[in-house]
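# A structural walkthrough
Each chain, written out:
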Amino acid sequence: MTGSASIDAIAKDQPSAAARELRAHGLVRTYPIGRGAFGRAHTAVRAVDGVDLEITAGVTVGVVGESGSGKSTLGRLVSLLERPDAGRIVLDGRDTGRLHRAELQELRRRLQVVFQDPFGSLDPTKSIGHAVAEPLLVHRRVRRSGMATAAEELLTTVGLDPGLARRYPEQLSGGQRQRVCIARALALEPWLLVADEPTSALDLSTRSEILNLLLSLQQDTGLSILLISHDFATVQHLAHRVAVMYLGRIVEEGPTHDVVTNPQHPYTSALLSAVPVADPPRQRARQRVVLRGEAPNPARLPSGCRFRGRCRFAVAECATTDPQLTDLGSGHRVACLLHGAVGPAA
Amino acid sequence: MSLAPPPSREPLLAVSDLAIDLAGETVQRGLIHDVSFTVAPGESVALIGESGCGKTMTGMAVLGLLPRGFTVSSGSIRLGGRDLLACSERELRSVRGRSLGAIFQEPMSSLDPTMRVGDQIAEARRLHLGESRKVARARAEELLDRVGIADAARRLDSYPHELSGGMQQRVMIASAIACDPDLVLADEPTTALDVTIQAEILELLRELRREQGIAVLLVTHDLGVVADFCDRVVVMYAGTVVERAGVDELFADPAHPYTRALLDAVPQTGHPRTLLPVIQGRVPVAGRFPAGCRFEPRCPHGGDERCLAPQHETALPGARSVRCARAAAGEPVTRPAVPA
């Protein structure tokens, strides 16, 4: 059995495009903090606090937010690397919370993860060829003898010289390593790639190469991407839809163009206005929406809207009502009692 | 509103023909080669380029903090008319504390984790200005307040780990400006921070420039930050300066093919989901630079006979310069190719 034959075999038992769907409902993930003398947790932080997410075939969904927003935790939940404390994830029509280990293992290859740090993600003692084809070996898609061929094919898919298969991670640049990580993630032909800050550790010039690669892969294979990033520019360039997270919640979500040009949540406006644009006259003319104070301690969230302490539009009702996502039409949703009151970011 | 001072003023910092070698089994010459630029009082100058182009190394040379084995083999670095390369280690320490402040990317690796932040800031004033413990502490409180830390009196007794990343960076700025320096070197000061915190830190640095006339030499790879904060830009590639220009001119009309390529690598808001132009290849490893133009192997115009000879800096109209024979001859710079 050769590597290429085995890859074709996988393609056959891929779910059809219609089945390619991930739906997450009411996800909650809590982490204990501050342990007492007997190891019992004093308090808990809800890193993800009631999040719904939907990803369909061939679509890139971006998740943006600052540190502590819960975007990476959401990524780990969706990747099935962690189990939610509440809520469920339905992948290709199957509720992942109700599956046995073996079934979950089988389902898990339909989505794969790429992390920020291409240095920490690769075993320095294993050759690039081994790193790339290892998932195939683990899932018994190839034999050891077929690994070299499979690895070379995968490296070609991500635009690398197949000759790199015999090299080791330390001999590669950051951009090449990130391509290797993407090649390995693609080995089992997932339909969904979860990419957590895939370009943050890379140089400007290398970043554009990885963005191009993700775009081409999507065009050629219909791959879906969940792109988690603090970098609005990257998300804006790649994502069809974007979700903005603040303290464990999605506060605004919709088609990227709508959210960027016509943000409805005051936090989205502030976040967008803080991203400097690489155009000096335009940047000088922009008005920044300044946020008051720092984000509240996630273990002691305020009542009502969790953003209200920093919001310049806050009214009395914001302290009593916890706003839920409301559809403004055309699939643009916002969780703010005053939605519509916020103009586009200057 | 441009904060640029009139160009007639004497430069505060003048780096001229700087060259840095690495001593080892074989001496590697010209890791940094022929680097010249100036920073005027109160001005903000960006040093940009990919990793490995020598931005940080140049900054470290200005601070007199080159790592072991690296030596300045020629050129000069003058700060306020004083030749820093001729200074003794003792004199340099005094310059670093008083006239020259530094801010780095990781506040936690620059702040002493065992020392209260008030003591760290006060130490500089006691050491360099000979202030008493009490006076220096009062001044440290003012400084914390100045950099926007709420409840400064109480925060004096905090340890660095008790503060958020943004607050740590504010403490580092307070300690960098403790002795009213003329110039602050900021090496990727906001790279580790969230964008809303980055905007606040840049606003703080802007205020310090406006109110205290502090000049800033900003090492960064973020072109948005350059557009937001800087008056002039020095573009480095493979250890040399390839272009110097005012920020508006540089973004509107880059002269060097490398600058053009860097600017084009930024995703444009109007064209989502389109392939971006890429710079082929990689920055050459230090010590293995091409004999001619160092960018030639990656340049869309490479292969021209003129590119095979070492390139010299040529002055352009409007206080600009470029290190490219083609650009100096006024030939247009095309965009790098979009991959097929």
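Reading guide: rules and limits
Residues numbered from 1 in each chain as written. Chains lettered and ligands numbered in written order. Predicted model: local features only at pLDDT ≥ 70, side-chain atom pairs only at ≥ 80, totals over all residues. Heavy atoms only, no water. Helix = DSSP H or I, 4+ residues; strand = E, 2+ residues; numbered from the N terminus. Rg over C-alpha atoms; globule rule 2.2 N^0.38 Å. Buried < 20%, exposed > 50% of the residue type's maximum accessible area, 1.4 Å probe, protein only. Contact = heavy atoms within 4.5 Å. Areas by Shrake-Rupley, 256 points an atom, 1.4 Å probe, with all protein chains shown as cover. Lys, Arg positive; Asp, Glu negative; His and termini not counted. Charge placed at Lys NZ, Arg CZ, Asp CG, Glu CD. Phe/Tyr/Trp six-rings, centres within 6.5 Å; stacked < 30°, edge-to-face > 60°. Lys NZ or Arg CZ within 6 Å of the ring centre and 35° of its normal. Pairing = 2+ DSSP bridges. Right-handed = clockwise from strand over helix to strand, strands pointing away. UniProt positions renumbered as here; feature names shortened; annotations may be inferred. Axes fitted to C-alpha atoms, helices over the stretch in contact; angles between N-to-C directions. Parallel < 35°, antiparallel > 145°, perpendicular 65-115°, else oblique. Salt bridge = Lys/Arg side-chain N within 4 Å of Asp/Glu carboxyl O. Core = buried A, V, L, I, M, F, W, Y, C linked by side-chain atoms within 4.5 Å. pLDDT = per-residue confidence, 0-100. Domains from an automatic or database assignment. Buried area = accessible area lost by both parts, 1.4 Å probe.

### Topic: the overall build of chain B
Regarding its fold elements, chain B presents 12 helices and 12 strands. The C-alpha atoms of chain B give 21 Å as radius of gyration, which agrees with the globular expectation for 340 residues (20 Å, within 12%). Dimensions along the principal axes, computed over C-alpha positions, put chain B at roughly 65 × 50 × 40 Å. Per-residue burial over chain B gives 53% buried out of 340 residues.

### Some details on the overall build of chain A
Within chain A one finds 11 helices and 12 strands. The globule rule puts the C-alpha radius of gyration for 346 residues at 20 Å, and the 21 Å found for chain A is close to it. Counting only C-alpha atoms and orienting by the principal axes, one finds that chain A spans roughly 70 × 55 × 45 Å. Burial statistics for chain A: of 346 residues in total, 53% are counted as buried. Partitioning the contacts of chain A with sequence separation of at least 6, the portion at a separation of at least 24 is 64%. Summed over its atoms, the accessible surface of chain A is roughly 14,900 Å², and 50% of this surface lies on carbon and sulfur atoms. Distance from the positive charge centre (41 side chains) to the negative charge centre (35 side chains) of chain A: 5 Å.

### Observations regarding the packing of aromatic side chains
Applying the stated criterion to the full structure yields six aromatic pairs over all chains. Seen in terms of ring centroids, tyrosine 237 of chain B and tyrosine 258 of chain B are 4.5 Å apart; in terms of plane orientation they differ by 55°. Their pairing is tilted. Of this pair, tyrosine 237 of chain B sits in strand β9 (residues 232–237) while tyrosine 258 of chain B is found in helix α11 (residues 257–264), placing the two residues 21 residues apart along the sequence. A relative accessible area of 1% places tyrosine 237 of chain B in the buried class. Ring centres of tyrosine 237 of chain B and phenylalanine 295 of chain B lie 5.0 Å apart, and the angle between their planes is 80°; on these two criteria the pair is classed as edge-to-face. Taken together, the positions of tyrosine 237 of chain B in strand β9 and phenylalanine 295 of chain B in the loop between α11 and β11 (314–316) put the pair 58 residues apart, joining distant regions of the chain. Connected via pairs of aromatic rings, a cluster forms that spans Tyr246, Tyr267 and Phe307 of chain A. The ring of phenylalanine 229 of chain B has arginine 209 of chain B lying over it, and the distance from NZ or CZ to the ring centre is 5.3 Å.

### Describing the pairing of strand β7 (residues 183–187) of chain B
Looking along a regular strand, one sees side chains alternate from face to face of the sheet. All names here are of chain B. Burial analysis of β7 places five of its five residues in the buried class, which makes it a mostly covered element. Burial along β7 is two-sided: Leu183, Leu185 and Asp187 facing one way and Val184 and Ala186 facing the other are all buried. Summarising the sheet, strand β6 (residues 100–103) and β7 pair through four bridges and their orientation is parallel. The residue of β7 that forms the bridge with leucine 100 is leucine 183. With respect to chirality, the unit in which β7 leads through helix α8 (residues 195–212) into the neighbouring parallel strand β8 (residues 215–219) is right-handed.

### Thoughts on the UniProt feature "domain: ABC transporter" (unreviewed entry) in chain B
The sites that UniProt annotates as "domain: ABC transporter" (unreviewed entry) are residues 13–263 of chain B. As annotated, residues 13–263 of chain B comprises 41% helix and 26% strand, and the C-alpha atoms at either end are separated by 27 Å.

### Details of the packing of helix α4 (residues 128–138) of chain A against helix α6 (residues 174–186) of chain A
All names here are of chain A. One way to put it is that α4 packs onto α6 with a least axis distance of 6 Å and a crossing angle of 30°. Here α4 is positioned roughly parallel relative to α6, judged by the angle of their axes. Contacts between α4 and α6 involve Ile128, Ala131, Val132 and Pro135 on the former and, on the latter, Val180, Ala183 and Arg184.

### Describing the pattern of salt bridges
Close approach of charged atoms allows side chains with opposite charge to pair. All names here are of chain A. One pass over the structure, following the stated rule, counts 44 salt bridges over all chains. The shortest N-O distance in the salt bridge between glutamate 253 and arginine 241 comes to 2.9 Å. Taken together, the positions of glutamate 253 in strand β10 (residues 249–255) and arginine 241 in strand β9 (residues 241–246) put the pair 12 residues apart, joining distant regions of the chain. Each of the salt bridges in this network shares a partner with another, and the network as a whole consists of Arg29, Arg76, Glu82 and Asp85.

### Some details on the sheet that holds strand β1 (residues 13–22) of chain B
Hydrogen bonds between backbone atoms are what pair the strands of a sheet, whose relative direction is either parallel or antiparallel. Residues and elements named next belong to chain B. Across the sheet, four strands lie side by side as β2-β1-β4-β5; this open sheet has antiparallel pairing. Of all the strands in the sheet, the pair left with one neighbour each is β2 (28–39) and β5 (82–83). Contacts between helix α1 (residues 55–63) and the sheet are confined to β1, β2 and β4 (70–79), with β1 contributing the most and set at about 110° to the helix.

### Concerning the nonpolar core
Core analysis: the biggest nonpolar cluster contains 97 residues, and Leu13, Phe37, Leu144, Leu183, Leu217 and Tyr258 of chain B have the highest contact counts within it. Once residues lying within four places of it in the same chain are set aside, the contact partners of leucine 217 of chain B are Leu13, Phe37, Val39, Val45, Leu47, Leu183, Val184, Leu185 and Ala186 of chain B. By size, the runner-up hydrophobic cluster in this structure holds 65 residues, among which are Ala151, Ile182, Ile210 and Leu214 of chain A.

### Focus on the interface of chain A and chain B
Opposite the 37 residues of chain A that make contact, chain B presents 39 residues. Arginine 284 of chain A is the partner of aspartate 248 of chain B in a salt bridge, and the nearest nitrogen-oxygen pair spans 2.6 Å.

### As for α11 of chain B
The buried fraction of α11 of chain B is high, at eight of eight residues. Listed in full, the buried residues belonging to α11 of chain B are Pro257, Tyr258, Thr259, Arg260, Ala261, Leu262, Leu263 and Asp264 of chain B. On its buried face, α11 of chain B sits against α7 (204–221) of chain A together with β3 (44–48), α9 (223–229), β9, β10 (240–246) and α10 (247–252) of chain B.

### As for the confidence of the model for chain B
Looking at chain B, the pLDDT average stands at 92 and 97% of residues meet or exceed 70. Both scores are given for the predicted complex: the pTM is 0.91, the ipTM 0.89.

### Section: the sheet that holds β9 of chain B
Residue and element names in this part refer to chain B. An order of β6-β7-β8-β3-β9-β10-β12-β11 is seen for the eight strands of this open sheet, with the pairing classed as mixed. Unpaired on one side and paired on the other, β6 and β11 mark the two borders of the sheet. Taking the axes of each pair of neighbouring strands and ignoring which way they run, one obtains an average angle of 20° across the sheet. Across four bridges, the pairing between β3 and β9 is parallel. Residue leucine 47 lies in a different strand from β9, and its bridge partner there is valine 234.

### Some thoughts on the domain arrangement of chain A
It is common to report an interface's size as the accessible area lost on association of the parts. Residue and element names in this part refer to chain A. Each domain of chain A was delimited in the assignment, giving domain 1 (3–31 + 44–261) and domain 2 (262–346). Placing a centre on the C-alpha atoms of domain 1 and another on those of domain 2 gives a separation of 29 Å. Contacts between the two partners involve 23 residues from domain 1 and, on the opposite side, 27 residues from domain 2. Here domain 1 and domain 2 share an interface that buries about 2,200 Å² over both sides, 55% of which is from carbon and sulfur atoms. Taken as a group, Tyr246, Leu247 and Glu252 account for 29% of the area that domain 1 buries against domain 2, more than any other trio of residues on that side.

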